[in-house]
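Okay, here's what each chain looks like letter by letter:
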Amino acid sequence: MSGKIAFQGELGAYGHQACADTCPDYDPLPCPTFTSAIEAVRNGDAELGMIAVENSTYGRVADVHSLLPESGLHIVDEAFVRVHINLLGQKGAQLSEITHAHGHVVILPQCAGFLTEHSIRGVVSSDNAKAARDVAEGDDSSQGALASEMAAQIYGLDVLARNIEDQDNNTTRFIVMARDINRARRGDHGMMTSLVFRVRNIPASLFKAMGGFATNGVNMTKLESYMVGGTFQATQFYAEIEGHPDDENVKLALEELDYFTDMVRLMGVYPRASQRQSA
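Since the structure is predicted, the reported quantities are computational estimates derived from the model, not experimental observations.

### Some words on the side chain of Gln 90
(1) Moving on: Here Gln 90 is to be found in the loop between strand E6 (86-89) and strand E7 (100-104).
(2) Moving on: Reaching out from Gln 90, the side chain makes a polar contact with the backbone oxygen of Val 135 at a distance of 3.0 Å.
(3) Moving on: Setting aside its immediate chain neighbours within four residues, Gln 90 contacts Val 135, Gly 138, Asp 139, Asp 140, Ser 141, Leu 157 and Asp 158.

Here it is, written out as structure tokens:
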């Protein structure tokens, strides 16, 4: 084995599935929160961290991007995992018996249509795999869990309905984080660069900061803002761009960005995932 990879959730969570699919040589290390998963990498309990950042149906995973800049870690890879949601029940249970389905707050809206159609009430759980374990350990056959087939196998549950997600392209994007960055790598499908920055307090500073990417032909695939320090006066931006910091056009764009910002921090340089083409 190459070491451990930390993820948020319990064994059988979609983060576990992402680890198994993307980094099969690493032992999965379940963690209760994203913060604790990041801390496990930072303190050496794990070599890598698998962190969910967005879902094609639900959108951005709340609070994750605000954790990244202060993590002390670097993004070294990205992974796109097709999320198949299944309704799990106790052994011998029937779909018609299920009155409540337990799942993470992110997963409930992703299969709202199915739950409504079958008059099943969604119940928020801290983790999908925990929901599966709780159903398995309970004695009420009317309770179901929304989770992966991996969770069904781990906790000995029946799959009562498969692939119940509302969108047939339901995909979650994960980033893989490590303590060290490797800028020497080059990917078969190109490179991605992630960074955070805070613009100077001057008129049109964001517009001017973005101009360098346009004039140098650098494609920005993501730009998100969030408050820092609990104040409306300080706004930080998380951005992802195509290319490598050593590419001449990217280098020029980052130099122009630096002029109009108070802070720029490189968060990661990593190969562009092939699934990004169709995700």
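Here the narrative resumes.
### Quick word on the nonpolar core
(1) Moving on: One finds Ala 6, Met 50, Ile 51, Leu 88, Ala 132 and Met 177 to be the most contacted residues of the largest nonpolar core, which totals 50 residues.
(2) Moving on: Among all residues touching Ala 6, those that are not within four sequence positions of it are Leu 29, Cys 31, Ala 37, Ala 40, Val 41, Ala 46, Leu 48, Gly 49 and Met 50.
(3) Moving on: One finds Tyr 14, Leu 87, Ile 98 and Ala 101 within the second-largest nonpolar core, a separate group that totals 17 residues.

### Thoughts on the packing of aromatic side chains
(1) Moving on: By the definition in use, this model includes two aromatic pairs.
(2) Moving on: Relative to Phe 237, the ring of Phe 197 lies with its centre 5.3 Å away and its plane at 15 degrees, an arrangement referred to as stacked. Remark: Phe 237 occurs in strand E14 (residues 235-242) and Phe 197 occurs in strand E12 (residues 191-199); sequence separation between them is 40 residues. Take Phe 197 and Phe 237: they sit in the same class, and that class is buried.
(3) Moving on: Seen in terms of ring centroids, Tyr 259 and Phe 260 are 4.9 Å apart; in terms of plane orientation they differ by 90 degrees. Their pairing is edge-to-face.
(4) Moving on: By relative accessible area, which is 14% here, Phe 260 ends up buried.

### Some points on the packing of helix H7 (residues 205-215) against helix H8 (residues 248-259)
(1) Moving on: One can describe the packing of H7 onto H8 by two numbers: an axis separation of 8 Å at closest approach and a directional angle of 170 degrees. One way to sum up the angle between H7 and H8 is to call them roughly antiparallel. Where H7 approaches H8, its residues Lys 208, Ala 209, Met 210, Gly 211, Gly 212, Phe 213 and Thr 215 are matched on the opposing element by Ala 253, Leu 254, Glu 256 and Leu 257.
(2) Moving on: Class assignment of the residues belonging to the contact of H7 with H8 gives a composition of six nonpolar, three polar and two charged.

Criteria and cut-off values
Every chain's residues receive numbers from 1 upward, in the order its sequence appears when written. Since the coordinates come from a predicted model, pLDDT governs what is reported: local features require at least 70, and pairs of side-chain atoms require 80 or more to be given and counted, while whole-chain, interface and lining totals use all residues. Each side-chain value is derived from all of the structure's non-hydrogen atoms; neither hydrogens nor water enter the calculation. Going along the chain from the N terminus, every DSSP run of H or I of four or more residues is numbered as a helix, and every run of E of two or more is numbered as a strand. Within 3.5 Å is the distance limit for a polar contact, defined as a pair of N or O atoms, with the added protein rule that one can donate a hydrogen and the other accept it, and that residues adjacent in sequence qualify only through two side-chain atoms. Should any heavy atoms of two residues lie within 4.5 Å, those residues are counted as being in contact. Residues belong to a common nonpolar core when they are buried Ala, Val, Leu, Ile, Met, Phe, Trp, Tyr or Cys residues joined through side-chain atoms within 4.5 Å. Burial classes: relative accessible area under 20% of the type maximum marks a residue as buried, over 50% as exposed, and values in between as partly exposed (1.4 Å probe, protein chains only). Two rings from Phe, Tyr or Trp (for Trp, the six-membered ring) form a pair when their centres are within 6.5 Å of each other. A pair whose planes differ by under 30 degrees is stacked, one over 60 is edge-to-face, and the rest are tilted. Between N-to-C directions, angles cover 0 to 180 degrees, with each direction set by a line fitted to C-alpha atoms, over the stretch in contact for helices. Should an angle lie under 35 degrees it is considered roughly parallel, over 145 roughly antiparallel, and from 65 to 115 roughly perpendicular; all remaining angles are considered oblique. Residue polarity is assigned by list, with Asp, Glu, Lys and Arg as charged and Ala, Val, Leu, Ile, Met, Phe, Trp, Tyr, Cys and Pro as nonpolar; anything else, Gly included, falls into the polar class.

All quantities given are derived from atomic positions and should not be read as evidence of function.
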